[in-house]
Amino acid sequence: MEQQEKAILVGVHKQLDHHFEYEMEELQNLAEAIGIETAGIVTQNVERIHAGTYVGTGKVDEIKGLFEALDADLVIFNDELSPSQIRNLEAALECEVMDRTMLILAIFSRRAKTREAKMQVELAQHQYMLPRLVGLRASLSRQGGGTGGGFKNRGAGETKLELDRRKIEEQISRIKRELETVKGQRDTQRKRRQKQGLPVVSLVGYTNAGKSTIMNQLMRETGREEDKQVFEKDMLFATLETSVRQVKLEDQKEFLLTDTVGFVSKLPTHLIKAFRSTLEEARDADLLLHVVDVSNEEYRYMMDITSKTLEQIGVEDVPTLYVFNKSDLAGREYPTYKDDQLWISAKEGVGISELVDQIKQRIFTDYQTVNLVIPFDQGDIVSYLNANANVLETEYEETGTRLKVEVSSKDAARLAQFQS
Ligand SMILES: Nc1nc2c(ncn2[C@@H]2O[C@H](COP(=O)(O)OP(=O)(O)OP(=O)(O)O)[C@@H](O)[C@H]2O)c(=O)[nH]1
Ligand SMILES: [Mg+2]
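Residues numbered from 1 in each chain as written. Chains lettered and ligands numbered in written order. Predicted model: local features only at pLDDT ≥ 70, side-chain atom pairs only at ≥ 80, totals over all residues. Heavy atoms only, no water.

**Q** Before we move on, can you summarise the coordination of the magnesium ion (ligand 2) with the specific residues and values?
**A** The protein atoms donating to the magnesium ion (ligand 2) are S212 (OG) and T239 (OG1), with metal-donor distances spanning 2.0 to 2.2 Å. Separated by 27 residues along the polypeptide, S212 in helix α8 (residues 211-221) and T239 in the loop between α8 and β6 (243-248) bring together distant segments of the chain. Here S212 falls in the buried class, since its relative accessible area comes to 8%. For T239, a relative accessible area of 11% puts it in the buried group. (Donors = N, O, S within 2.8 Å, 3.2 Å for Na, K, Ca; no water. Helix = DSSP H or I, 4+ residues; strand = E, 2+ residues; numbered from the N terminus. Buried < 20%, exposed > 50% of the residue type's maximum accessible area, 1.4 Å probe, protein only.)

What follows is the structure in structure tokens.
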């Protein structure tokens, strides 16, 4: 059983930031994701974050008072704190201090299942820690990640600190090397897929929007085995790795579908960098399905963050279909479709066939219907087409089999000699 810890959450509400309340609510959810209960919330309206202590000194006293009154265990700040801010706050508050980045890193660390995801999180954690070695204490043990309790030792002398620093630097280069190897394997896989020539469709979006649920529904819709299901759950960052599935439609057309990590506001840059190779998969996609939880009041903001994060990892100019999911909770008619937007409910499986239609229209643009007469002594071509293409009509003539068939332009060119 996990022991419920209690935290005071602290946020600075900057002028013109219209999403502050939602962000604090999200911070609460992030904390909950690693079993930390919110005991109290302290906010401050200012124009700028206080360089020394994030909030003003008066506020620091207020936090300390509340911390003691509510018998809390730690204080969590809504932004990434600088090394000196952590140091100053820990000294003033005399308690464990965490920031939004550490919280997200801790969640990722718990959720990571594959070796690659684990290494990526560990890398991000080490890079975050390196400049903060002096200030941090108990906070670090929470992140796991194998660096252990060495940093708890606050009074450690310079030599110890140097040792720790060197150890972390060594670990960073080791993980980077190992990740390079994995990346090599991933590139090979990607090249193999490219050679297959199948179009790639990538699910992207804010965490908990329903990406994995959509992937599972699409597999179900196209008659795939249940054992290929990906993990879907009502929690932040359920998915931390990329899954690729081959989808074969009724008319034999095929594409690859990828599901990947979701985004969140203020996703730590170290994490984005560490997960780059995982996230980059979307860059080579022929179509992005940008999944949105339309039942959330802040869905526009979430779409913005998703777009900005995609930009950051170099995903640009990829045709995008916006999938407004969870329409069942949004009090809106569905399934409906307009321009590049589709309203569905993945949970109810409503709108999935419309989604398949939209995907088809967007990725199989170079298909054409041709009439072929295949000589009887080349029956293997007929079998190939029956298994791999959409055969609309078949007739037997004196000279061979007459087919009306839908093929890609590449196949059409290959079969040009048989056209009639
Ligand atoms: N009401 C409702 N709930 C949905 C719908 N689609 C998904 N959900 C629920 O939303 C939660 C999150 O779904 P996931 O598919 O795991 O979301 P995700 O986008 O893959 O999330 P991450 O992997 O964390 O980024 C699950 O509890 C789903 O059952 C929907 O159309 N309506
Ligand atoms: Mg998921």
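**Q** I'd love a proper account of the nonpolar core, names of residues and values included.
**A** The biggest cluster of nonpolar side chains holds 82 residues, and the ones touching the most others in it are I76, F77 and F237. Sequence-distant contacts of F237, that is, excluding residues within four places in its chain, are made with L30, I104, I107, F108, R111, T207, G262, V264 and L267. Within the second largest apolar cluster, 26 residues are counted, among which are M219, V291, I344 and I359. (Core = buried A, V, L, I, M, F, W, Y, C linked by side-chain atoms within 4.5 Å. Contact = heavy atoms within 4.5 Å.)

**Q** If you had to explain the site of ligand 1 to someone new, which residues and values would you point to?
**A** Within the structure, ligand 1 sits among 22 residues, and K211, T213, A238, T239 and D328 are positioned closest to it. A238 is positioned with one of its backbone polar atoms (N or O) 2.8 Å from an oxygen atom of ligand 1. Between ligand 1 and K347 there is a distance of 3.2 Å, counted from an oxygen atom to a backbone nitrogen or oxygen. Taking 650 Å² as the accessible area of ligand 1 by itself, protein coverage stands at 93%. (Near = heavy atom within 4 Å. Polar contact = N/O pair within 3.5 Å; in protein donor to acceptor, adjacent residues only side chain to side chain. Areas by Shrake-Rupley, 256 points an atom, 1.4 Å probe, with all protein chains shown as cover.)

**Q** So what about the packing of helix α2 (residues 57-69) against helix α3 (residues 83-93)? Which residues, and what values?
**A** Close contact between α2 and α3 brings their axes to 10 Å; oriented N to C, the two are set at 50°. Our classification of the angle between α2 and α3 gives oblique. When the axes of α2 and α3 are compared, the crossing they make is right-handed. Residues V60, I63 and K64 of α2 lie in contact with α3, whose contacting residues are L89, A92 and L93. Broken down by class, the residue content of the contact of α2 with α3 amounts to 5 nonpolar, no polar and 1 charged. (Axes fitted to C-alpha atoms, helices over the stretch in contact; angles between N-to-C directions. Parallel < 35°, antiparallel > 145°, perpendicular 65-115°, else oblique. Left-handed = near helix turned anticlockwise from the far one by under 90°. Nonpolar A, V, L, I, M, F, W, Y, C, P; charged D, E, K, R; others polar.)

**Q** Provide a residue-level description of the packing of helix α1 (residues 20-33) against helix α4 (residues 100-111), including the pertinent values.
**A** Between α1 and α4, the shortest axis-to-axis distance is 9 Å and the interhelical angle comes to 40°. Comparing their axes, α4 and α1 come out oblique. With respect to the hand of their crossing, α1 and α4 are arranged in left-handed fashion. For the pair α1 and α4, the contacting residues are E23, E26, L27, L30, A31 and A33 in the first and R100, L103, I104, I107 and R111 in the second. Here the contact of α1 with α4 is composed, by residue class, of 7 nonpolar, no polar and 4 charged.

**Q** I'd like a description of the environment of I305, backed by residues and values.
**A** Its place among the elements puts I305 in helix α11 (residues 299-312). For I305, a relative accessible area of 12% puts it in the buried group. A C-alpha to C-alpha distance of 8.9 Å links I305 and G205, two positions 100 residues apart in sequence. When residues no more than four places from it in sequence are discounted, the contact partners of I305 are Y206, V264 and S265.

**Q** Could you give an account of the pattern of salt bridges, naming the residues involved and the relevant values?
**A** Inspection of the entire model under this criterion finds 22 salt bridges. For R174, the salt bridge is made with E178, and the minimal N-O distance between the two is 3.4 Å. With a gap of 4 residues between them, R174 and E178 both fall in helix α7 (residues 158-196), about one helical turn apart. The exposure class of E178 is partly exposed, given its relative accessible area of 26%. The residue R186 makes a salt bridge to E281 at a minimum N-O spacing of 2.9 Å. Residue R186 is found in helix α7, and its partner E281 is found in the loop between α10 (276-279) and β8 (287-293); the two are separated by 95 residues along the sequence. (Salt bridge = Lys/Arg side-chain N within 4 Å of Asp/Glu carboxyl O.)

**Q** An account of the packing of aromatic side chains is requested, with residue identities and associated values reported.
**A** As enumerated under the stated definition, the model contains 8 aromatic pairs in all. With a centroid separation of 6.4 Å and 85° between ring planes, the pair formed by Y22 and Y301 is classed as edge-to-face. Taken together, the residues span a long stretch of sequence, with Y22 in helix α1 and Y301 in helix α11 at a distance of 279 residues. For the pair formed by Y22 and Y301, the shared burial category is buried. (Phe/Tyr/Trp six-rings, centres within 6.5 Å; stacked < 30°, edge-to-face > 60°.)

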